[in-house]
Amino acid sequence: MSTGETPGHPLLSAEAGRVELLLGNEAIVRGAIEAGVGFACGYPGTPSSEITDAFARLSPALGIPFEYSVNEKIALESAYGACLAGARAIVAMKHLGLLYAGDPLSTMPYMGTTAGLVIVSGGDPSCLTSPNEQDQRHLGDFLHLPVLDPPTPQAALYATRFAFELSEASHLPVILRPTTRLCHTSAPVTFGGLDSEGTPRPTGFQRDPARLLPLPQNARRLRVEIEQRLATARALIETSTLFSRQGPAQGPRAILAAGVPAATSADVLAARGLTDTTPLLTLAAVHPLPESWLLTQLKGLRELLVIEELSPFIEDNLRAICHLHGIDLHITGKRTGHLPIYHEYEPPLLEAAILNFLKLPSPSTTLQAPTSPLTASTPPAPNTPPPLGGAGGGDNPTLPCTDLKPHDLPVRPPILCAACPHRSTFFTVRSVFGPETLYFNDIGCYTLGVGEPLGTGDALLCMGAGLTLAAGVARTTGQKTVGFIGDSTFFHSGMPALLNTVRQGADTLTVILDNEVTAMTGFQESPSTPVAALVQAGRARSAADIEAIVRALGVDHIETVDPEDLPTALAAFRRARETTGPCVVIARRPCPVSEGRVISAGGVAPAPNAPDAKQASAPLAPQPVTFAISEDLCRTCGRESAGHRCHQETLVPFEGAMAHARSLEVIQSPACAPSQAESCDSCTPGTLPTHRGERPATAPCASLCPLHLCIQGYAAHIASGDHAQALELILDGLPLPDSVCRVCHKPCEDSCVRGDLDEPVAINALKRFVMDWAARQESFPLPAQSTRCEADHGRRVAVLGAGPAGLAAAHGLRRRGYSVDLYDARDQAGGLLRHGIPAYRLPPEVLDRDVERILEMGVRFHGGQRLGADLDLDTLLAESDGVLLALGAGEGRRLEFPSLWAEAPAGTTGPLIVDALTWLESSNDGQAPLAPGHVLVVGGGNSAIDSARTALRRGAASATLVCLEERDEMPAIAEEVTEAQAEGVVILHRRRVRGLLQGSVEIIGVAPEVVGDLRPANFTDTAGSDETLPAEQLILAVGQVPDGDLLGSADVRVNDMYLAIDAHTGATSRDRLFAAGDLTGGDGTVTGSIAAGLRAAWGLDQALRGEAAAAALPPPPIPPQPTAPPPGRPGVERGDRHGPPGKRRHGAELGGRERLSSFKEVVSTLTEEEARAEAARCMICGLCGNCRPCLDLFGCPAFFMSGPAIEIDPNLCVSCGVCAEFCPNEAIYPVFASEEGTDTAGHREGVTP
Amino acid sequence: MSPSTLRILIVGVGGQGVLSAARHIGQAALDHGLEARIGQIHGLSQRGGSVESTVVLGPGSTGFVSMGQADVLLALEPLEALRALARVHGETLALVNRATVIPFSQTLAGASYPSVDGLLGGLAGVAGRVYGLDATALASETGSPRSLNAAMLGTLCGLDCLPLAAAALRQSLAGAGRPAFHPMNLAAFDAGLATADQLEPTAPPTRQA
């Protein structure tokens, strides 16, 4: 049948004998029209949808009422009302819907029909488009209804016409049960005439209380009357043409088939040339069975094969009939194991069964019938139709000339359309509620959200069940759940479900996906379809107000969002997350596919005033024709531009990109929100904002990290629970992670953007979590990449000094394929880490992990080798290809004090004086004597703090720290200062030691001449501020300098007291001699020294092997000096728009008593839960070279991979622009069609429309 | 099933026009006195999933094209052609659009699309004659890639495997769908028709011992 405009539509033709190619569904419609149908309705559902769609289109011309009812129960009741009012009525739905309508259906046979009522219930053997298959024929037996089951479109037309007569004669509603195969098969159909003159016109409702009020006394009587009605139906069926016999009139064996298998059986017999020799009885009426006809036909038969899909409905009835009438007939079918009891029958299966029954040889290609389908626990293969993704066949041979196996072909499941607003909703909800939340989906297009990547379906039951499942689970587990439901499904059965949720107070979020249409079944109208769209179809009504309904149901927290306005939607879902109890978010955006076409069924035109925020705000603004991806920005990061290669093989995990989505509001300047684009100079009014937050290539934390670590990367991995990947990222850039994660001065945290919102992410604690996690693993999971060394190339280098810089340099050189000898004056490697940092901050066994890891790479360590005594620099330079000095600064600076006690009585002394390094080393060797009484420490750095805290652990009566700096000027790590104070260290700021007294120290207040200059010379004494403090021990922690004698003998250029080097390469003034660390006057931090060691390794490599070879392992760039605010920091808004501020997590700490009585590590590591929550606070401020949330989280089918590049197919992209909103790298930009017809790209720099 | 029956299997991706290609053949057949039945199973398949339709020309009651029964395979997408492998037989004529539609599952998995030549070769090892052409490009040249199905119908018609004259199919194309698209579809059909005699069958693969 060709489709055309309604006037002159072929289905309306009065021409009897006309032949049209009709779908089974269309043939049913034609049959109803021929029967003079006066009322049509239904609820769309595959495979029956085309029936209601046709009536939607034709009802104006037919002059009959039509409705897409709100649900199937209501449809059936509406149709029954029309029937009682004397109009022939037809109602269509799928099999699931008829059970939903089971309540009214079950009483209708009692009350009976006035005019004919035909209930079309599309069946779906093999679950082709349904969650189950069911045999509706049993409803005939169960509820006392005639059931017709036509095999072909032509038979469907006849059956429909006859069904009206049958219903009127028997006063019973008639079920017409076509299956998917019939509904969706087109065949030539010959029309009958329009004999509407012979059908009753609506007579109006006739009062008949004895029949129409099935009160108990009436119902009992009516039940008896039903038997008479069924008898009438049977008698009428006996006289009908709904059964036939082909083939010979006699024979020992015959086949009886019903429904579509009857047609298939006829074709199988024809193909085998058996038509003329095998009797085939065809039944299109299955309840009540035409018993008289059957008895006639069965006479003389010895064997009968019964072919019917699904249950043995006819087969069992025939056995009963034969038993009752004493007929000795062997019946073959499902009960005998010759045919399966489930799924559709395709020709090969029937061919095998028929040939087997006729005792004819089976063709080689056909499959054996299953032996016992009734009891088989696994479905036999023969009857399984080849799935869409499979080519069928038992084995899976490799195809000639290809590696492909048919079963292994990439599957192509259905997927939400490009620009489907549901995708944005799922993406947004998942981003807010995370992967741990349980999601319950429902029936509609949005069911496609259940799979990856959207992952929003933990269970799916039936229409309307998403909400109730979510509520039931929430009430049982106490966890907030999310239920999704589409607009049409909400009206269908979601309203009572939501009322129930409200009544029970379940803590569940209901997301109503309102695309204003019933999209999945073919874009039928839904109650929320805007009125304007229906005017043209002649069915102008009011559009249902979902908000008002939800409010009336008792929901207090209701929000409506445009799912494509991600920041607004994210904020709404965050608020919903923080709400306890039932809440509803309505995600409203019209289905773009239905908008772009005439809504199929009802001739519903695109709504001229469909609410579309983008168009409504500026209808004349240019719209992008597609979006494209900037190669420069996509999958690149600032670390890569600094030469780092991302070795990550897994993708940026879900949580990472979700963290970005969460931070959209923060990052994106409010001036560029779509609603405010007009006020932004860089954005075109009414279009998507193109001027964004200017995301920096490298996040501020990584920029300021001396090692340039990809912090956002490992935070993302931790958040997603992939700690091994996080470890890989950490080890790749950091040779001494176990130590650094405990002692780093953390410039990253000072620059953390999150700190502007609430508190910085506890970056170092996250790193420590990973390292401690790794140490707990049975076999330490050393990622291959980060410890892989280049092949040995025979060059040999010596590294002198095994502190942080030396260890890092040795590590760097070893990775570059050098043979490395590492020397240190002390017996153990570690340098300052071992001797200068107390064990309560860095336990020696933790440092050992770092050292061992480096030695395991092949670095040879030689302890007890002192330069000048055991080693000679000239000799080393002569014997190796290069030497790297990392000797540190071991000489404590001294202060000159007036020795006031010199005049004291003989035998008395002033305080003992010691430098901090000596003090700390003697404390760490485990044999430290008790501290003598009161201890006073001079200095404001980490050594000073460490010395004071160590003194308390060594039993000092008190520990007082004197420093020039105010608290926030102190170089010491702030947290360490806090810890020290908590332990009882007294800190006196803006003071210096003026002199030493007998058992005490005289100090005096100072003031800086220039604010910000912390050099001692800048401070002058404040008169009259002197005081005396008791002190038996004075510790000088005012810095260290290198061994001057050593430098003097090394024949190198010296700068001040330090070895002069090139800051980038570590090159000294001598050929092949490089240096790093405190020896060169570095930044005095452990992490900075490590970075310097790595740089010097690179510099030495460059000198020995050339730039190209050295570039394979780029060094960390020298970080910029931190400024306020740090460079590249996006604008951040404070306020509660982002939900309550999240506090950073701290590791548990030892109690005061326990910590002071030992050198046990004070701070413990984060728990798994704490670490993941803390990592999720990272806002992923930098670009990522490894991200593809467009594919992995959003899953828009317009995206594809072209080699390593992600691209957008302009033929599929419909310019919704959502991807450009969330792309972490801001690599997606709109493309406009210019007036000349060429595309103009609107880059992030601004748009040129 | 009888010698006078021709079974056509049309496969492709939802949205490519598989169902309407089937309707065009069926309508043309009906208009010219042939019995025709069309089978289609769809539901969610319009959402970019695999989709197929069958056309059975000749006497009979059903529209099945079962395993080994496709006399003609019209594949609007090469991967879908190979998916239909079990349905072809040694005499099948297959016409395959070489333009690929990458399944999103492949993109997601980071997997690559199989070689089109490999797909066609695999098919040629089983089917009688296999022709490949980039019908998407052809349709784009004559108007729009949306006329892909019309272009392929033209080529199929030119390969003389249908009991239908080109005029019959043109008439069917001109009688269905939005009138605005008719000129575009007819141009694509004609371009496809003109391409048919330039096509060479794909060589079956050399079997390895």
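Because the structure is predicted, anything quoted here is derived from the model rather than measured.

## Overview of the overall build of chain A
Looking only at helices and strands, one finds 46 helices and 42 strands in chain A. Within chain A, the proportion of its 1249 residues that are buried is 58%. For chain A, the share of sequence-separated contacts (at least 6 apart) that also reach a separation of at least 24 residues comes to 75%. When the accessible surface of chain A is totalled, it reaches about 47,300 Å², and 53% of it is carbon and sulfur.

## Describing the environment of V1006(A)
Assignment of secondary structure puts V1006(A) in strand 31 (residues 1000-1008). Apart from the residues within four sequence positions on either side, V1006(A) is in contact with L964(A), R990(A), R991(A), R992(A), F1019(A), T1020(A), D1021(A) and T1022(A).

## Digging into the confidence of the model for chain B
Mean pLDDT over chain B: 90, with 94% of residues reaching 70 or higher. Per-element confidence in chain B is highest for strand 4 (residues 70-75) of chain B, whose mean pLDDT is 97, and lowest for helix 3 (residues 104-109) of chain B, whose mean pLDDT is 85.

## Side note on the side chain of S167(A)
Residue and element names in this part refer to chain A. Structurally, S167 is set in helix 7 (residues 153-170). A relative accessible area of 0% means that S167 is categorised as buried. A distance of 2.8 Å separates a polar atom in the side chain of S167 from the backbone oxygen of L172. Contact partners of S167, with chain neighbours within four places excluded, come to T113, A115, G116, L117, L172, P173 and V174.

## Thoughts on unusual backbone geometry
Residues and elements named next belong to chain A. Geometrically, the link from T46 to P47 is a cis peptide bond, its omega value of 15° lying close to zero. Cis geometry is adopted by the peptide bond preceding P288, which originates at H287 and carries an omega value of -10°. Tracing the sequence through the fold places P288 in the loop between strand 12 (285-287) and helix 12 (291-298). The phi torsion at S126 lies on the positive side, around 75°, for a residue other than glycine. Within the secondary structure, S126 sits in the loop between strand 5 (117-122) and helix 6 (137-143).

## Thoughts on the packing of helix 15 (residues 421-433) of chain A against helix 20 (residues 566-578) of chain A
Residues and elements named next belong to chain A. Closest axis-to-axis distance for the helix 15/helix 20 pair is 9 Å, and the angle between their directions is 45°. Between helix 15 and helix 20, the crossing angle belongs to the class labelled oblique. For the element pair helix 15 and helix 20, the recorded crossing hand is right-handed. Contact residues: helix 15 offers T425, F427, T428, V429, S431, V432 and F433, while helix 20 offers L566, A569, L570, F573, R574, A576 and R577. By residue class, the composition of the contact of helix 15 with helix 20 is nine nonpolar, three polar and two charged.

## Focus: the sheet that holds strand 16 (residues 481-486) of chain A
All names here are of chain A. Across the sheet, five strands lie side by side as 15-16-17-19-18; this open sheet has parallel pairing. Two strands bound the open sheet, and with one partner strand each, they are strand 15 (438-440) and strand 18 (557-561). Adjacent strand axes in the sheet meet at a mean angle of 20°, parallel and antiparallel pairs treated alike. Alignment of strand 17 (residues 508-514) against strand 19 (residues 583-588), held across six bridges, turns out to be parallel. Bridge assignment links L513 to a residue of strand 19, and that residue is A587. Here helix 16 (residues 465-477) sits on the sheet in contact with strand 15, strand 16 and strand 17, set at roughly 170° to strand 16. Here helix 20 sits on the sheet and contacts strand 17, strand 18 and strand 19; the angle it forms with strand 18, its principal contact strand, is near 165°.

## Re the pairing of strand 2 (residues 39-42) of chain A
The side chains of a regular strand alternate between the sheet's two faces. Residues and elements named next belong to chain A. Residues F39 and C41 line one face of strand 2 and the alternating positions A40 and G42 line the opposite face, and both faces are buried. Judged from the four bridges that link them, strand 2 and strand 4 (residues 89-94) form a sheet pairing that is parallel. Counterpart to F39 in the pairing with strand 4 is A89. In the sheet, strand 2 pairs with strand 3 (residues 66-68) via three bridges, with the strands oriented parallel. Paired with G42 across the two strands is Y68, which belongs to strand 3.

Rules behind the numbers
Residues numbered from 1 in each chain as written. Chains lettered and ligands numbered in written order. Predicted model: local features only at pLDDT ≥ 70, side-chain atom pairs only at ≥ 80, totals over all residues. Heavy atoms only, no water. Helix = DSSP H or I, 4+ residues; strand = E, 2+ residues; numbered from the N terminus. Buried < 20%, exposed > 50% of the residue type's maximum accessible area, 1.4 Å probe, protein only. Contact = heavy atoms within 4.5 Å. Areas by Shrake-Rupley, 256 points an atom, 1.4 Å probe, with all protein chains shown as cover. pLDDT = per-residue confidence, 0-100. Polar contact = N/O pair within 3.5 Å; in protein donor to acceptor, adjacent residues only side chain to side chain. Axes fitted to C-alpha atoms, helices over the stretch in contact; angles between N-to-C directions. Parallel < 35°, antiparallel > 145°, perpendicular 65-115°, else oblique. Left-handed = near helix turned anticlockwise from the far one by under 90°. Nonpolar A, V, L, I, M, F, W, Y, C, P; charged D, E, K, R; others polar. Pairing = 2+ DSSP bridges.

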